[in-house]
Amino acid sequence: MKYNFDKVIDRKGTNSSKWEPAILKQMFNGEDVLPFWVADMDFKVAPPIIDALKKRVEHGIYGYSTRPDSYYEAIINWTKRRFGWEIKKDWILYAPGIVPAINYLIQTFCVPGEKVLIQQPVYYPFANAIENNGCHVANNPLVFNGEDYEIDFEDFEEKVKAPKVTAFILCSPHNPVSRVWTKEELEKIGEICLENDVLVIADEIHNDLVYSGFTHTMFASMNEEFAQNSITCTAPSKTFNLAGLQTSNIIIPNRKLRLKFESNLERNSIGLQNPLSIVAIEAAYNEGEEWLEQLLVYLAANVKFIDNYLQENLPHARLIKPQGTYLGWLDLRKYETNADILEGTVAKEGKVGLDGGSWFGPGGAGFMRLNYACPRKLLEEGLVRLCKAVRGIKQI
Ligand SMILES: Cc1ncc(COP(=O)(O)O)c(C=O)c1O
């Protein structure tokens, strides 16, 4: 079956966080802003997911629900088929999202006053989770080499060895710089953390969204020692556009760590799951693969479209070549390096809503993040608005 990703679907009036005028006003100071920020997609989900939901909705009773074996098998089979990692049912814990899970993980494994290492610019809820739970951010800044981003391993080791650093949050693939880390890079990370008894929290929410020529390696799949010193977070939410169904898989092979985390989840009464999400997620993992493959082709074509459009209309801007995710990291520093001016002008003059680079921490100023998981027609309209606004800041 051929899926139509070109179809523009009106999301207004569906309580979409990305599109809701009141939220756009709050975030970008305008209700008529065209949104390319929150990381969900403007595409309809795969038909088997809709069928499973319809069937469940038509039953008419939505009481407290339990996860059947078939639900776990769907996650286990997907992880094995796509990444070659064999996981066990017992290892998989449920959390309503990876961001909530990261908060619970910090509460479980870190003591207030300790430090958690991240690699900025990075998905900003990491820093929020660390600070909201009384810990401090330690940063191993990613290094831009003119082409893409690299890890400064000397600095990484120094930061891991620093007093009070208990955990490292690995963003793999990385949001927003869209790197897919190589096996060699992950191996170095794993060895350094292992030697220094620093727990690796591997947020692999974007692991299915990887472009041709790149391969995602699941950190914990590399060897038993890494598996025992890590917690892996995956989800069907980005892959299949199910973020609102609020489900993530927290995979913990290490029994001691698992029991500790489980008891924190229990203490907070986290465990019951929305009955609609149970059937949707099973359908996604079992029957969504063909849709995903076509989605990746469409996203890759969107990347080309952005590249070409920028070359013609904003030649000193550059999209950092995405290796994964559907979040483009735009280098606009030749036009403006002051984040307030750049981000303010794009929102006000362009009436287009992108994540400001500065939101992602040090290293983000002069960049903006463009969510290009949308029909090309919308993308084009967004680029027209963006380029017009940025050209207005500085004519080169
Ligand atoms: C790296 C990363 N982690 C987590 C999330 C959100 O996860 P959840 O909706 O499961 O809380 C996102 C969403 O953009 C993300 O990019």
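Residues numbered from 1 in each chain as written. Predicted model: local features only at pLDDT ≥ 70, side-chain atom pairs only at ≥ 80, totals over all residues. Heavy atoms only, no water.

### Structural notes on the sheet that holds strand β14 (residues 355–356)
Stated formally: Two strands qualify as a pair provided that DSSP identifies no fewer than 2 bridges between them. Numbering of helices and strands starts at the N terminus; helices are DSSP runs of H or I of at least 4 residues and strands are runs of E of at least 2. Two residues form a contact once any of their heavy atoms are found within 4.5 Å. To obtain an axis, a line is fitted to C-alpha atoms, over the contacting stretch when the element is a helix, and the angle between two such axes runs from 0 to 180 degrees between their N-to-C directions.
If you walk across this open sheet you meet the 4 strands as β11-β12-β15-β14, and the pairing is antiparallel. Both outer strands of the open sheet, β11 (318–319) and β14, are each paired with one neighbouring strand and no more. Most of the contacts of helix α13 (residues 339–348) go to strand β15 (residues 367–371), to which it runs at about 35 degrees, and overall it touches β14 and β15.

### A few points about the packing of helix α4 (residues 98–109) against helix α5 (residues 125–132)
Under the convention used in this document: Here a crossing is taken to be left-handed if its near helix is turned anticlockwise relative to the far helix by less than a right angle, and right-handed if that turn runs clockwise. Gly is put with the polar residues, along with every residue not named as nonpolar or charged; the nonpolar set is Ala, Val, Leu, Ile, Met, Phe, Trp, Tyr, Cys and Pro, and the charged set is Asp, Glu, Lys and Arg.
As a packed pair, α4 and α5 sit with axes 9 Å apart at the nearest point and diverge in direction by 35 degrees. Seen along the crossing, α4 lies across α5 with a hand that is right-handed. Across from Val99, Ile102, Asn103 and Ile106 in α4, the residues of α5 making contact are Pro125, Phe126, Ala129 and Ile130. Residues belonging to the contact of α4 with α5 are distributed by class as follows: 7 nonpolar, 1 polar and no charged.

### Some points on the packing of aromatic side chains
Operational definition: Centres within 6.5 Å are what make two rings of Phe, Tyr or Trp a pair, Trp counting through its six-membered ring; a difference in plane orientation under 30 degrees is then read as stacked, over 60 as edge-to-face, and the rest as tilted. Partly exposed describes any residue whose relative accessible area lies between the buried limit of under 20% and the exposed limit of over 50%, with all areas from a 1.4 Å probe on protein chains only and scaled to the type maximum. For a Lys NZ or an Arg CZ to count as sitting over a ring, it must be within 6 Å of the ring centre and within 35 degrees of the ring normal.
Within the structure shown, the criterion is met by 25 aromatic pairs. Ring centres of phenylalanine 43 and tyrosine 298 lie 5.6 Å apart, and the angle between their planes is 90 degrees; on these two criteria the pair is classed as edge-to-face. On the criterion of sequence distance, the pair formed by phenylalanine 43 in the loop between β1 (34–35) and α2 (47–59) and tyrosine 298 in helix α12 (residues 289–313) is long-range, its members being 255 residues apart. Judged by its relative accessible area of 5%, phenylalanine 43 falls in the buried class. Relative accessible area serves as the criterion here: at 9%, tyrosine 298 is assigned to the buried category. Through a chain of ring-to-ring contacts, the aromatic side chains of Phe28, Trp37, Tyr123, Tyr124, Phe126, Phe144, Tyr149, Trp329, Trp359, Phe360 and Phe367 assemble into a single cluster. When the ring centre of tyrosine 298 is taken as origin, the NZ or CZ atom of arginine 376, which lies over that ring, is 4.3 Å away.

### A look at the domain arrangement of the chain
Many descriptions give the size of an interface as the accessible area lost when the pieces come together. The condition that has to hold: Bear in mind that the domain bounds are from an automatic or database domain assignment. Here the buried area means the combined drop in accessible surface, using a 1.4 Å probe, for two parts upon being joined, counting both sides. By definition, a salt bridge exists where a carboxyl oxygen of Asp or Glu is found within 4 Å of a side-chain nitrogen of Lys or Arg. Whenever two N or O atoms come within 3.5 Å, that pair is a polar contact, provided that in protein one can donate a hydrogen and the other can accept it, and provided that, for residues adjacent in sequence, both atoms are side-chain atoms.
Once the domains are mapped, the chain shows domain 1 (21–46 + 289–393) and domain 2 (61–287). Spacing between the C-alpha centres of domain 1 and domain 2 amounts to 25 Å. In this assembly, 35 residues from domain 1 lie in contact with 35 residues from domain 2. Interface of domain 1 and domain 2: buried area, both sides summed, is about 3100 Å²; carbon and sulfur atoms make up 55% of it. Run the count over domain 1 and domain 2 and you get 3 salt bridges. In this structure, arginine 82 engages glutamate 293 in a salt bridge whose closest nitrogen and oxygen atoms are separated by 2.8 Å. Across the domain 1-domain 2 interface, the total number found is 20 residue pairs in polar contact (both at pLDDT 80 or more). Residue contributions to the side of domain 1 that touches domain 2 peak at 8 residues, all from α12. Residues of the side of domain 1 that touches domain 2, tallied by class, amount to 20 nonpolar, 6 polar and 9 charged.

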